[in-house]
There are 2 protein chains.
Amino acid sequence: MGEKSFSRKEIEGLDNRYRAQLINSLSGAKSANLIGSINQEKQTNLAVISSVIHLGSNPALFGFIQRPTTVERHTFENIIQTGFYTLNHIHTDMYKAAHQTSARYEREQSEFDAVGLTEEYKEAFVSPYVKESHIKLGLQLEEVVDLKINGTKLVIGSVQHLYLPEGIIKSDGYVNLAQANAVAVTGLDAYNSLTALERLSYAKPDQPLINMEL
Amino acid sequence: MGEKSFSRKEIEGLDNRYRAQLINSLSGAKSANLIGSINQEKQTNLAVISSVIHLGSNPALFGFIQRPTTVERHTFENIIQTGFYTLNHIHTDMYKAAHQTSARYEREQSEFDAVGLTEEYKEAFVSPYVKESHIKLGLQLEEVVDLKINGTKLVIGSVQHLYLPEGIIKSDGYVNLAQANAVAVTGLDAYNSLTALERLSYAKPDQPLINMEL
């Protein structure tokens, strides 16, 4: 297969939509989550997001990137208002409904109703979870870091509650996401299923890697 | 399947290793990249990393999370010294070698040699690419953002050069990573292959989603 190259100048000269597709594809596989939120008037919101990353385990912290002008604006406002939100993993039976949440609905329209996903409230946590998700996290907003370089924000939250199927948690704490039919996003709009290949032991110099429980 | 739940307090009370496995699993699928770098003495380094995220397309920016005390420390020092580094996508034929770069090698030991991957230099760019990777990016360091909440750093770079197989770039700029045998990391140490399910059109209220070229 021939190799195609782009210099910085060539990237800058591309059509905007083409560049967005190309560059969004090149970080590699992305997590696929729905952010559930609610405002002080009890109006709920649901937004698909592919930028959730692990920031730390002790305390358990996750971040996501808030772009300057996106349809997730309502979600961000809700998070600021209440200080809480949920992350809900997207699986193979719900990615179409999840993707549809990215449409520009009016503020009064809950994406839950519009796309046919179900609000679920658990243990007095204020924000709605997505009933159809297998893996659900309830987070408290900890910090919003402004990234001055391009006007995006890194939104950091700490895990308050965590729900997942017992059978996919292995004896050492590893969670087999493929067994929960997790999907990965590639680019802006493609959904992929996962097939677990192998789990490899903690690497040490001059020692062979061994397989761990998948 | 029964549901298992953890409160914040229960997460805090877990064994450290169990908690690291559990919480690292719960952001969802992660990108799988190797960072190539070199210092002023021409000592090269190679580090596997699963936290690369897309930050913007115009300019083309990617970030990764640098933890306070990790084996990628040499890599971070190299990036600060030279101001440049490479990102190289990991595919199904090289994930074992990629994982082995996480062993604590001495500073004088290049991970390229230790794990059997090949340095490649292109167009006078100072940092080494990984010859075996299909998708390679040459980046210039733009900013290091300290995340005070847990001592990690968000390292931001801009794309200077980009190389990928011509056949996986679709007519609108989308790149089919599954066709390049891309892998996704789950948890700390599991490698998964991708199967592209569907590409969905830009969502609009009250309009059905249509399939796009995969």
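All residue numbers refer to position in the chain's written sequence, counted from 1. Here chains are named by letter from A upward and ligands by number from 1 upward, in the order in which they appear as written. At least 70 in pLDDT is required for a residue's local features to be given in this predicted model, at least 80 for side-chain atom pairs to be given and counted, and no such filter applies to totals for whole chains, interfaces and linings, which use all residues. Processing note: side-chain calculations cover all non-hydrogen atoms of the structure and skip hydrogens and water entirely.

1. Quick notes on helix H3 (residues 73-82) of chain B
- Per-residue accessibility, obtained with a 1.4 Å probe over protein chains only, is compared with the maximum for each type, and a residue is labelled buried under 20%, exposed over 50%, and partly exposed between these values. Helix and strand definitions follow DSSP, with helices as H or I runs of at least four residues and strands as E runs of at least two, each counted in order from the N terminus. Along H3(B), the positions that sit buried rather than exposed are B:His74, B:Thr75, B:Phe76, B:Asn78 and B:Ile79.
- Directly beyond the C-terminal end of H3(B), a positive phi value near 80° is found at B:Gly83.

2. Description of the interface of chain A and chain B
- Between chain A and chain B, the contact holds 106 residues from the first and 106 residues from the second.
- The quantity reported as buried area is the accessible area (1.4 Å probe) lost by two parts once they are put together, taken as the sum for both. Of the roughly 9,100 Å² buried between chain A and chain B on both sides combined, carbon and sulfur atoms contribute 59%.
- Of all residues in chain A, A:Arg8, A:Leu26 and A:Ile149 give up the largest surface area on contact with chain B, accounting jointly for 7% of the area buried on that side.
- Should a side-chain nitrogen of Lys or Arg be within 4 Å of a carboxyl oxygen of Asp or Glu, the pair is scored as a salt bridge. Here chain A and chain B share six salt bridges between them.
- B:Glu198 is the partner of A:Lys96 in a salt bridge, and the nearest nitrogen-oxygen pair spans 3.4 Å.
- When residues in the side of chain A that touches chain B are grouped by element, the largest group, eleven residues, is from strand E11 (residues 152-165) of chain A.
- When residues are sorted by character, Ala, Val, Leu, Ile, Met, Phe, Trp, Tyr, Cys and Pro go into the nonpolar class, Asp, Glu, Lys and Arg into the charged class, and all the rest, Gly among them, into the polar class. Taken together, the residues of the side of chain A that touches chain B break down into 50 nonpolar, 36 polar and 20 charged.
- Pairing of E11(A) with strand E1 (residues 3-7) of chain B, which is carried by five bridges, proceeds in the antiparallel orientation. What sits directly across from A:Tyr163, in E1(B), is B:Ser5. Residues are treated as being in contact if the distance between any of their heavy atoms lies within 4.5 Å. The criterion for strand pairing is that DSSP finds at least two bridges linking the strands in question.

3. Section: the packing of aromatic side chains
- Here a pair means two rings of Phe, Tyr or Trp (six-membered ring of Trp) with centres within 6.5 Å. Their orientation is stacked below 30 degrees between planes, edge-to-face above 60, and tilted elsewhere. Summed over the entire model, instances satisfying the criterion amount to ten aromatic pairs over all chains.
- Summarising the aromatic geometry, the rings of B:Tyr95 and B:Tyr191 are spaced 5.2 Å apart at their centres and angled 20° between planes, so their arrangement reads as stacked. Here B:Tyr191 lies in strand E13 (residues 190-199) and B:Tyr95 lies in helix H4 (residues 95-100), a separation of 96 residues in the sequence. Comparing B:Tyr95 with B:Tyr191, the two get one shared label, buried.
- Here B:Phe125 and B:Tyr129 contribute two aromatic rings whose centre-to-centre distance is 5.8 Å and whose plane-to-plane angle is 35°, an arrangement assigned as tilted.
- Among the aromatic residues, those joined into a ring-pair cluster are A:Phe84, A:Phe125, A:Tyr129 and A:Tyr163.
- By definition, being over a ring means that NZ of Lys or CZ of Arg is both within 6 Å of the ring centre and within 35 degrees of the ring normal. Directly above the aromatic system of A:Phe6 lies the positively charged group of A:Lys4, at a separation of 5.4 Å from the ring centroid.
- Seen from the ring of B:Tyr163, B:Lys122 lies directly overhead, with NZ or CZ sitting 4.4 Å from the centre.

4. Observations concerning the relation of the copies chain A and chain B
- A least-squares superposition brings the copies together, and it is based on the C-alpha atoms of residues with pLDDT no lower than 70 in both. Rotating chain A by 180° and translating it 0.0 Å along the rotation axis places it on chain B, where the RMSD comes to 0.0 Å. Taken together, the rotation and translation relating the two chain copies correspond to the operation of a two-fold axis.
- By residue overlap, the copies meet face to face through one surface: 100% of the interface positions of chain A are interface positions in chain B.

5. So, the pairing of strand E7 (residues 84-89) of chain B
Residue and element names in this part refer to chain B.
- Where burial is concerned, most of E7 is hidden: five out of the six residues are buried.
- Two strands pair when backbone bridges link them, and strand E3 (residues 33-38) and E7 are joined in this way by four bridges, in the antiparallel orientation. Its bridge partner being in E7, Gly 36 is matched across the sheet by Thr 86.
- Where E7 and strand E10 (residues 136-147) come together, five bridges link them in antiparallel fashion. In the strand pairing of E10, Phe 84 is matched with Gln 140.

6. Topic: the side chain of A:Ser133
- Tracing the backbone through its elements, the reader meets A:Ser133 in the loop between strand E9 (129-130) and strand E10 (136-147).
- Those residues in contact with A:Ser133 that lie beyond four places of it in its chain are A:Asn88, A:His89, A:His91 and A:Met94.

7. What to know about the pattern of salt bridges
Residue and element names in this part refer to chain A.
- Counting across every chain of the model gives 18 salt bridges over all chains.
- Salt-bridge contacts for Arg 8 lead to Glu 12; the nearest nitrogen and oxygen are separated by 3.2 Å. Placement of both Arg 8 and Glu 12 in helix H1 (residues 8-12) is noted, with a separation of four residues, approximately one turn of the helix.
- A relative accessible area of 29% places Arg 8 in the partly exposed class.

8. Regarding the confidence of the model for chain A
- Each residue gets a pLDDT score, which is the predictor's confidence in that residue and runs from 0 to 100. Mean pLDDT over chain A works out to 96, with 98% of the residues at or above the 70 mark.
- Here the predicted complex carries an ipTM of 0.96, next to a pTM of 0.97.

9. Quick word on the sheet that holds strand E12 (residues 183-186) of chain B
- If you trace the six strands from one edge of the open sheet to the other, you get E2(A)-E12(A)-E13(A)-E13(B)-E12(B)-E2(B), paired in antiparallel fashion. Every interior strand has two partners, whereas the edge strands, strand E2 (30-31) of chain A together with strand E2 (30-31) of chain B, have only one.
- One ladder, built from two bridges, connects E2(A) with strand E12 (residues 183-186) of chain A; its direction is antiparallel. For A:Ser31, the partnering residue across the bridge sits in E12(A) and is A:Ala184.

10. Considering the environment of A:Ile168
Residues and elements named next belong to chain A.
- One can find Ile 168 in the loop between E11 and E12.
- Residue Ile 168 is classed as buried on the basis of its relative accessible area, which comes to 1%.
- Taking the C-alpha atoms as reference, Ile 168 lies 6.5 Å from Gln 179; in sequence the two are eleven residues apart.

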